Amino acid sequence: MAVTRADVARLAGTSPALVSYVLNGGPRSVAPATKARIEAAIAELGYRPNMSARSLRMNRGHALGMVIPDGANPFFAELSAAIEAAAFARGYPLFVGNADGDEERERAYVQTFIDRRVEGLLAISSSWGTGIAEACEAADMVLVALDRVIDPARCAHVLCDSVAGAEVAVRHLIEHGHREIACLAGPHVSTADDRVQGYRNTLAQAGLPESTVVRTDFGGAAGYRAFADLMNGPRRPTAVFVTSDLQAMGMLRAAYDAGVRVPEDLAVVAFDGIEYARYTRPGLTTMVQPTRRIGELAVDLLLEQIDDGTARPGVTRLDAQLTTRGSCGCPDEF
C-alpha cells in the first residue's frame, strides 16, 4: 500500500495537518523539533506526495467543493473566504456554490460536486442538512459541515458554540442592569435555535422572566421589519439580544427611524462579528466567531479524512469572543 500522510504523522508522533504544513511550507509554522521528526519520518517511509497520481487513483479531481446558503450574507462571505484561504494554502482550489436559500438549488450543487468528483465537500446547509450527509455517504464523498449541525452521526462538524456565546452576550446585558431583555432570532436552524437556548438559559439562571422572542429571516431587511414587533410586545424591552449581526444592523436603522436611541433607550448585542459591525452608529457589540480558525480546522479535518480514509463524525465547537462597542452602552471605540 502507498504511504500516506497519516502514516508519516503516526511515525513522527504528530498530526496529518502538521505533515501538510511541512510539505506545503505553511500556512502555519512548525516547531523546529517537530519539523525534524516529520522530515525524518518522510525519509524513513519514503513518502512522496503525488497529487496528480492520487487524483487518478481515487477517480477524483484535485479540488474541494463548498455549498453556502446565502452568498450575499457577509458572515457566509467571510467564512467562505477563510475556507478558500485555508484550502489554497494546502494546495487545493475551492469551488463555491451559493444555494441562495433554495433547497432545490442546494441539492443541485451537492449533486454537481459529487458528479464532478471533487475530493471533499464542505457545507453550510440552509434546510436540507440530513440529505446532504446521506448523499455524500452514498457517493463515498467526505463531508464536513459548518456553522449548522446537520447529522453528527454521519459527518464531522466545525462550528461556533452558539449556546455558550449567547449566554455571554445576554449576561453582558444583565451586567449593564437590564432586566427586560428581548430576543430577535433567526429561522429554525440549529444556529439560531442554539442562540435562543443560550438566551433562555441565562435569563433563567438570573431569575429573570423571558421577554419577547421574535423569529424572522436572517438579513438586514428582516431585522428592520421585526423592530416594531419587538417594541410592541407585552413588555417593552430595554435591551435586545440579536442572533445575527445583519439582523441587528437592520434593527439599528429601524430604531433610528422610530426615534429610539441606542443604547440610551435600547441596548443591543448581536452575534457573528462581521467586519461591517464596527461601522454602524453606534458600533455594534457582538460575539465574534473565529472564522479563520473554523476555516483552518474544517479544511484540515476534511483533508485528513480524505488522506487516511477514516470518517470522523461528531461536532467540534469553538468559542466566540465578546467585542464591546457603543450599542450596549460600552465606550464606542472604532
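Further up the page is the structure itself.
Just so we're clear, the structure is a prediction, and the values are computed from it rather than from any experiment.

Novice: Where do I start with the packing of aromatic side chains in this structure?
Specialist: Here a ring pair, both rings aromatic, is described through the centre-centre distance and the interplanar angle of the planes. Under the criterion given, the structure shown has two aromatic pairs. In this structure, Arg195 is placed above the aromatic ring of Phe271, and the distance from its NZ or CZ to the ring centre is 3.8 Å.

Novice: Explanation requested: the nonpolar core in the structure shown.
Specialist: One recurring pattern in soluble globular proteins: nonpolar side chains tend to sit buried together. Core analysis: the biggest nonpolar cluster contains 48 residues, and Leu64, Ile83, Leu122, Leu146 and Met251 have the highest contact counts within it. A per-element tally of this core places helix α12 (residues 291-308) first, with seven residues. In contact with Leu122, other than residues within four places in its own chain, are Gly65, Met66, Val67, Ile83, Leu94, Val144, Leu146, Ala298, Val299 and Leu302. The next biggest cluster of nonpolar side chains, apart from the first, holds 22 residues, and it includes Ala169, Ala185, Phe241 and Cys330.

Novice: When you look at the sheet that holds strand β8 (residues 239-242) in this model, what are you seeing that I'm missing?
Specialist: Through backbone hydrogen bonds, the strands of a sheet pair up, either in parallel or in antiparallel fashion. Strands sit in the order β7-β6-β8-β9-β10-β12 across an open sheet of six strands; the sheet is mixed. Where the open sheet ends on each side, the last strands, each with one partner, are β7 (213-215) and β12 (321-323). Each strand of the sheet is rotated relative to its neighbour by a mean of 20°, with strand direction disregarded. Pairing between strand β9 (residues 267-272) and strand β10 (residues 285-288): four bridges, direction parallel. From the neighbouring strand, Asp272 faces β10, where its bridge partner is Val288. With respect to the sheet, helix α10 (residues 220-231) is in contact with β6 (181-185), β7 and β8, its orientation differing from that of β6 by roughly 145°. Lying on the sheet, helix α11 (residues 245-257) is in contact with β6, β8, β9 and β10; it crosses β9 at an angle near 150°.

Novice: Any chance you could explain the state of the cysteines here in plain terms?
Specialist: Throughout this description, disulfide means a covalent bond between two cysteine sulfur atoms. This model, assessed by the stated rule, comprises zero disulfides. Between Cys136, a cysteine without a disulfide, and Cys155, which holds the nearest cysteine sulfur, the sulfur-to-sulfur distance is 7.9 Å. The exposure class of Cys136 is buried, given its relative accessible area of 1%.

Novice: Which parts of the structure should I look at to understand the environment of Cys155?
Specialist: By the element assignment, Cys155 lies in the loop between β4 (142-146) and β5 (156-160). Between the C-alpha atoms of Cys155 and Ile132, which are 23 residues apart in sequence, the distance is 9.9 Å. Leaving out residues up to four positions away in the same chain, Cys155 has contacts with Leu143, Ala145, Ile150, Arg312, Pro313 and Gly314.

Novice: Which parts of the structure should I look at to understand helix α8 (residues 162-175)?
Specialist: Every α-helix carries 3.6 residues per turn, so stepping three or four residues along brings you back to the same face. Its 14 residues give α8 an end-to-end C-alpha distance of 20 Å, which sits within 8% of 20 Å, the value for a rise of 1.5 Å per residue. Turning to α8, its buried residues are Ser162, Gly165, Ala166, Glu167, Ala169, Val170, His172, Leu173 and Ile174. In this structure Asp161 caps α8, since a side-chain oxygen of it lies 3.4 Å from the backbone nitrogen of Val163. Downstream of α8 by a residue or two, Gly177 has a phi angle that is positive, lying close to 95°.

Novice: What is the right way to read the pattern of salt bridges from this model?
Specialist: Opposite charge on two side chains makes pairing possible when the charged atoms of those side chains draw close. In this structure the tally under the stated criterion is 18 salt bridges. Of the charged contacts in the structure, one is a salt bridge between Arg5 and Asp307, with a shortest N-O distance of 3.4 Å. With Arg5 in helix α1 (residues 5-12) and Asp307 in helix α12, this pair connects stretches of sequence that are 302 residues apart. For the pair Arg5 and Asp307, a shared accessibility class is recorded, and that class is buried.

Novice: Even after reading the chapter, I still don't get helix α2 (residues 16-24), so can you show me in this structure?
Specialist: Among the residues of α2, Pro16, Ala17, Val19, Ser20, Tyr21 and Val22 are the ones counted as buried. Looking at the residues trailing α2, positive phi occurs at Gly25, about 70°.

Reading the values: the criteria
- Residues numbered from 1 in each chain as written.
- Predicted model: local features only at pLDDT ≥ 70, side-chain atom pairs only at ≥ 80, totals over all residues.
- Heavy atoms only, no water.
- Phe/Tyr/Trp six-rings, centres within 6.5 Å; stacked < 30°, edge-to-face > 60°.
- Lys NZ or Arg CZ within 6 Å of the ring centre and 35° of its normal.
- Core = buried A, V, L, I, M, F, W, Y, C linked by side-chain atoms within 4.5 Å.
- Buried < 20%, exposed > 50% of the residue type's maximum accessible area, 1.4 Å probe, protein only.
- Helix = DSSP H or I, 4+ residues; strand = E, 2+ residues; numbered from the N terminus.
- Contact = heavy atoms within 4.5 Å.
- Pairing = 2+ DSSP bridges.
- Axes fitted to C-alpha atoms, helices over the stretch in contact; angles between N-to-C directions.
- Disulfide = S-S within 2.5 Å.
- Expected span 1.5 Å × (residues − 1).
- Polar contact = N/O pair within 3.5 Å; in protein donor to acceptor, adjacent residues only side chain to side chain.
- Salt bridge = Lys/Arg side-chain N within 4 Å of Asp/Glu carboxyl O.

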